[in-house]
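Next come the chains, spelled out residue by residue.
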Amino acid sequence: MLSDFNLEGKTALVTGASSGIGKEIALVLAEAGADVAVAARRLDRIEETADEIRGLGRRAVPIQADVSDSQQVDDMVSQATESLARIDILVNNAGISGGGPLVPLPDGEANSQTSRRLADDTWHRVIDTNLSSCMYVNRAVAPQMLERRSGKIINISSTSAILAEPYGSAYQVSKAGMKMLTKTLANEWGQFNINVNAIGPGWFVTEMTDDGLNVPGKYQEAVSNIPLGRLTNLRDLGLLAVYLASPASDWMTGQIIYLDGGETAIYN
Ligand code: NDP
């Protein structure tokens, strides 16, 4: 491996590492050499991720936490820091989908998704889990990075930060908020040698998208909007995270990199 991509001796904290993108990123960071603290609400699932990381010969620390609760985030970061001595790499990945139209539309097709007024708690759940959590975790990890004048932060946003699908306001606003938080923090912390970047995944098959992609015709529709004409594996996201976590990306900050088979190249 090129030494510029080597993460040996580095430590990482990955949120939402009990499944999907977060689990894969945690495993590929470990493959590149990092010891990794993995956090989520489902303890049995993060213990499985931790076992797989140990199988790669790296240290792993499973931490149960709900990232929409700032006190739990502070405790999670303390536990990760105590166990691994420090956090060099932070991946803010935990997230949920959800939403619907603000109000039912006249003459709109009525189904359970579109026939209700958007509930306050739906809006807050999505914003708190995706966006507020990102601020909480950045806020909790930054002091040690600022003190050491070193750190790599990767926020997992989405192509939804820039593609305005109907009925997706809560999710899309949360992901657009992560994009601006990334740029603002890159500007605040750049002088202290902290890189803050985001990845904007396109369609990836995970627990979150399984239902949506299984709607008849949806998979074909998703693929038809992608210039490369296919979806890809989660590993591609892990490899991009290794780049953003490694010295290879030392001069990159404040960027949102869309890994989407080219979808945003046509629609953005
Ligand atoms: P998954 O549903 O597989 O993973 C979501 C992860 O977030 C799980 O590990 C879940 O763990 C965790 N999580 C959810 N809520 C909380 C919470 N309150 N506290 C702690 N952890 C939480 O979906 P994906 O892997 O697809 O999603 C990962 C990220 O990627 C999300 O931010 C999503 O928005 C983003 N993304 C996904 C895309 C896709 O096509 N799949 C496209 C663009 C962006 P647990 O339930 O155990 O807490």
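Calculation rules
Residues numbered from 1 in each chain as written. Predicted model: local features only at pLDDT ≥ 70, side-chain atom pairs only at ≥ 80, totals over all residues. Heavy atoms only, no water. Helix = DSSP H or I, 4+ residues; strand = E, 2+ residues; numbered from the N terminus. Buried < 20%, exposed > 50% of the residue type's maximum accessible area, 1.4 Å probe, protein only. Contact = heavy atoms within 4.5 Å. Lys, Arg positive; Asp, Glu negative; His and termini not counted. Charge placed at Lys NZ, Arg CZ, Asp CG, Glu CD. Pairing = 2+ DSSP bridges. 1 Å grid on protein atoms, 1.4 Å probe; cavity = no way out; pocket = protein on both sides within 12 Å on 5 of 7 lines; lining within 4 Å. Points joined across faces, edges and corners; volume = space filled by probe spheres on them. Nonpolar A, V, L, I, M, F, W, Y, C, P; charged D, E, K, R; others polar. Core = buried A, V, L, I, M, F, W, Y, C linked by side-chain atoms within 4.5 Å. Axes fitted to C-alpha atoms, helices over the stretch in contact; angles between N-to-C directions. Left-handed = near helix turned anticlockwise from the far one by under 90°. Phe/Tyr/Trp six-rings, centres within 6.5 Å; stacked < 30°, edge-to-face > 60°. Salt bridge = Lys/Arg side-chain N within 4 Å of Asp/Glu carboxyl O.

A. Focus on the overall build of the protein chain. When its secondary structure is counted, the protein chain shows nine helices and seven strands. If you line up the protein chain on its principal axes, its C-alpha atoms span 60 × 40 × 40 Å. Burial status across the protein chain gives 48% buried among its 268 residues. For the protein chain, contacts bridging at least 24 residues in sequence account for 72% of all contacts bridging at least 6. Here the protein chain contributes 22 positively and 32 negatively charged side chains, and the mean placements of these two sets differ by 4 Å.

B. Inspection of the pairing of strand β1 (residues 11-15) at higher detail. Among the five residues that make up β1, five are buried, leaving the element largely enclosed by the rest of the structure. Judged from the five bridges that link them, β1 and strand β2 (residues 35-40) form a sheet pairing that is parallel. Pairing of V14 across the sheet is with V38, part of β2.

C. Up close: empty space enclosed by the protein. Considering all chains together, one arrives at one cavity of 30 Å³ or more under this definition. Here the largest cavity is characterised by a volume of approximately 40 Å³. Forming the boundary of the largest cavity are T15, V67, N92, N93, A94, N130, S133, C134, V137 and M178. Of all the elements, helix α4 (residues 120-148) adds the most residues to the lining of the largest cavity, at four residues. By residue class, the composition of the lining of the largest cavity is five nonpolar, five polar and no charged.

D. Spotlight on the nonpolar core. Among the nonpolar cores identified, the biggest contains 33 residues, and L29 and V36 are the most heavily contacted of them. Those elements giving two or more residues to this core turn out to be β1, α1 (20-31), β2, α2 (43-55), β4 (89-92), β5 (151-156) and α8 (235-245). Looking at this core element by element, the count peaks at seven residues for α1. Once residues within four sequence positions are removed from consideration, L29 is found in contact with L7, A12, V14, A34, I89, V91, A241, V242 and A245. Grouped together as the second largest cluster of nonpolar side chains are 29 residues, L13, V77, I153 and W189 included.

E. Spatial organisation of the environment of S19. By the element assignment, S19 lies in the loop between β1 and α1. The exposure class of S19 is buried, given its relative accessible area of 17%. Linking S19 and R45, residues 26 residues apart in sequence, is a C-alpha distance of 7.4 Å. The residues touching S19, leaving out its near neighbours within four places in the chain, are R42, R45 and E207.

F. Up close: the side chain of S157. Within the secondary structure layout, S157 lies in the loop between β5 and α5 (169-189). In this structure S157 comes out as buried when scored by relative accessible area, which is 3%. Excluding anything up to four places from it in sequence, S157 contacts K175, M178, K179, A198, I199, G200 and P201.

G. Expanded view of the packing of helix α3 (residues 70-84) against α4. Put simply, α3 and α4 touch, their axes get as near as 9 Å, and they point 35° apart. Every pair of crossing elements has a handedness; the one defined by α3 and α4 is right-handed. Across from S70, V73, D74, M76, V77 and T81 in α3, the residues of α4 making contact are Y136, V137, R139, A140, V141 and Q144. For the contact of α3 with α4, a count of residues per class yields seven nonpolar, three polar and two charged.

H. Main features of the packing of aromatic side chains. What the rule picks out here adds up to one aromatic pair. With 6.3 Å between their ring centres and 40° between their planes, F5 and Y243 make a pair best called tilted. On the criterion of sequence distance, the pair formed by F5 in the segment before β1 and Y243 in helix α8 is long-range, its members being 238 residues apart.

I. How the structure looks around the pattern of salt bridges. In total, this model carries 12 salt bridges according to the counting rule given. Of the charged contacts, one joins E31 and R235 as a salt bridge, the two residues approaching to 3.0 Å between their closest N and O atoms. Of this pair, E31 sits in helix α1 while R235 sits in helix α8, placing them 204 residues apart in sequence. Judged by its relative accessible area of 35%, R235 falls in the partly exposed class. Linking D88 and R86 is a salt bridge whose minimum nitrogen-to-oxygen distance equals 2.9 Å. Using a relative accessible area of 9% as the deciding quantity, one classes D88 as buried. Residue R86 is classed as partly exposed on the basis of its relative accessible area of 27%. Within the structure, one salt-bridge network assembled from shared partners comprises R42, R45 and E207.

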